[in-house]
Amino acid sequence: MKQPNSEGRLPDFIHIGGMKCGSTSLFHYMRAHPEVGTSKYKQTYFFNDRKDARGEREGNWHQGLDWYRKEWPANGKVIYEGMSLGYSDWPNEQGIPARIARIVPHARFIYMVRNPVDRAVSHWMNSFAKSMEHRPIEEALLTDIEDYRANPYVRRGLYAMQLKQYLAEFDDMSRFLVVPFDDFRDRRRETLHTIFNFMGVDADYWSKEFDIIHHPASLQRRKNAVGMFIQQTIGERIYYRLRSYQRHWMETLLYRAFSKRIERPVLAPEVRQKLQDRFTADIEELSVITGQSFHGWLK
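Residues numbered from 1 in each chain as written. Predicted model: local features only at pLDDT ≥ 70, side-chain atom pairs only at ≥ 80, totals over all residues. Heavy atoms only, no water.

K.L.:
Explain the overall build of the protein chain here, please?
P.N.:
A tally of regular secondary structure across the protein chain gives twelve helices and seven strands. In the protein chain, buried positions account for 52% of the 299 residues. Considering only contacts within the protein chain whose residues lie at least 6 apart along the sequence, 75% involve residues at least 24 apart. Just so you have it, the protein chain exposes about 14300 Å², and 50% of that area is on carbon and sulfur atoms. (Helix = DSSP H or I, 4+ residues; strand = E, 2+ residues; numbered from the N terminus. Buried < 20%, exposed > 50% of the residue type's maximum accessible area, 1.4 Å probe, protein only. Contact = heavy atoms within 4.5 Å. Areas by Shrake-Rupley, 256 points an atom, 1.4 Å probe, with all protein chains shown as cover.)

The following block contains the structure:
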């Protein structure tokens, strides 16, 4: 149970990405570990300092350090912050590593990465389900493919580029644990052992909670005309003011009857190859930076 933070503790470990790489599941697994303290909700958005296109503030940096301290429990051998959107979205989001270095200079980092083409497909499904994306997948993924500033599906999959923003402030790779999504999905016990060992908590601890996959892409749904009407007349007014768990329940309870399940699309071979070619240089650089081989993504 979360206790008041009377000691002013701040996170020891921060999850910096990537989007659609298992961050929600990992947050729930951290909450289940008795030696790990977390915030009540996955995303604090504290180090974000920008406004989104709707004019709603998408960051909490303006709230100040006292606000941030109140997010954390006093109990727990270590404190873990789940990934907030934008923590690995440079240059769309700028200054986040510098703010972390200023506030939590002792921080260590977990960075979950996934075949960037597969990640882009899941990203499109997520955006399409939320009616943030209306283009067919191949058009969306290939438009401005060389311009990472204009193409978020490419930008968020350039892991080496994103990681280097943090290394500019924390020049020590031993402070970073880069976790392949495939290992997290297919070898969860061994991968959680590695993560918990990195964090200095009981690496052999196991909970039935670790068998649950949270927010799988297979459950993504897109709203029909009625669902879009509700979103435009009611949802838009409140959605971006809600916490992530409140957004989830809003989607589940309010829109389910007015939405349709999205099947995971299969990219045409030539489209997949174009995307893979775009990511090749970054994949090779990521392998060099981390000392881990990600060349299997190129097959």
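K.L.:
Looking at this model, I keep getting lost on the packing of helix α4 (residues 116-129) against helix α12 (residues 269-290). Mind explaining?
P.N.:
Describing two packed helices takes the angle between their axes plus the distance from one axis to the other. Contact geometry of α4 with α12 gives a least axis separation of 9 Å together with a crossing angle of 120°. Here α4 is positioned oblique relative to α12, judged by the angle of their axes. Across from P116, V117 and D118 in α4, the residues of α12 making contact are R272, L275, Q276, F279 and I283. Across the contact of α4 with α12, the residue classes tally to five nonpolar, one polar and two charged. (Axes fitted to C-alpha atoms, helices over the stretch in contact; angles between N-to-C directions. Parallel < 35°, antiparallel > 145°, perpendicular 65-115°, else oblique. Nonpolar A, V, L, I, M, F, W, Y, C, P; charged D, E, K, R; others polar.)

K.L.:
Hey, could you run me through the sheet that holds strand β1 (residues 13-17) in this one?
P.N.:
As summarised here, the arrangement of the five strands in space is β2-β3-β1-β4-β5, forming an open sheet in which the pairing is parallel. In the strand order of this sheet, the two ends are held by β2 (36-38) and β5 (176-180), each with one partner. Across the sheet, the mean angle from the axis of one strand to that of its neighbour is 25°, orientation sign disregarded. Two elements, β1 and strand β3 (residues 78-81), share two bridges in a ladder whose sense is parallel. Residue I14 lies in a different strand from β3, and its bridge partner there is E81. Sheet strands in contact with helix α1 (residues 23-32) are β1, β2, β3 and β4 (108-113), and its direction is about 120° off that of β2. (Pairing = 2+ DSSP bridges.)

K.L.:
Honestly, the packing of aromatic side chains in this entry has me stumped. Any pointers?
P.N.:
How two aromatic rings sit relative to each other is given by the distance of their centres and the angle of their planes. For the coordinates displayed, the defined rule picks out 22 aromatic pairs. Each ring, one from F46 and one from Y68, has its centre 4.1 Å from the other, and the planes form 10°; the classification is stacked. Residue F46 is found in the loop between β2 and α2 (65-69), and its partner Y68 is found in helix α2; the two are separated by 22 residues along the sequence. For the pair F46 and Y68, a shared accessibility class is recorded, and that class is buried. On the basis of an interplanar angle of 15° and a centroid distance of 4.6 Å, the ring pair of W124 and F128 is categorised as stacked. (Phe/Tyr/Trp six-rings, centres within 6.5 Å; stacked < 30°, edge-to-face > 60°.)

K.L.:
Please explain the packing of α1 against helix α9 (residues 188-199) as it appears in this structure.
P.N.:
Between α1 and α9, the least distance of the axes is 12 Å, while the angle of their chain directions is 65°. Note on packing geometry: the crossing formed by α1 with α9 is right-handed. Where α1 abuts α9, its residues L26, Y29 and M30 lie against R188, L192, I195, F196 and M199. For the contact of α1 with α9, the per-class residue count stands at seven nonpolar, no polar and one charged. (Left-handed = near helix turned anticlockwise from the far one by under 90°.)

K.L.:
Can you walk me through the environment of D12 in this structure?
P.N.:
Assignment of secondary structure puts D12 in the segment before β1. Taking relative accessible area as the criterion, D12 reaches 21% and is therefore assigned partly exposed. In this structure, the C-alpha to C-alpha distance between D12 and A107, residues 95 residues apart in sequence, is 5.0 Å. If sequence neighbours within four positions are ignored, D12 has contacts with V78, I79, H106, A107 and R108. Polar contacts involving the side chain of D12 include one to the main-chain amide nitrogen of I79, which spans 2.8 Å. (Polar contact = N/O pair within 3.5 Å; in protein donor to acceptor, adjacent residues only side chain to side chain.)

K.L.:
Any chance you could explain the nonpolar core here in plain terms?
P.N.:
A general feature of soluble globular proteins is that nonpolar side chains tend to end up buried together. Ranked by internal contacts, the top residues of the largest apolar core, which has 74 residues, are F47, I100, I110, L141 and M199. Sort the elements by how many residues they give to this core and α4 lands first, with seven residues. Beyond its immediate sequence surroundings of up to four residues, M199 is in contact with F13, M30, V36, V78, Y80 and I110. (Core = buried A, V, L, I, M, F, W, Y, C linked by side-chain atoms within 4.5 Å.)

These values are about where atoms sit, not about what they do.
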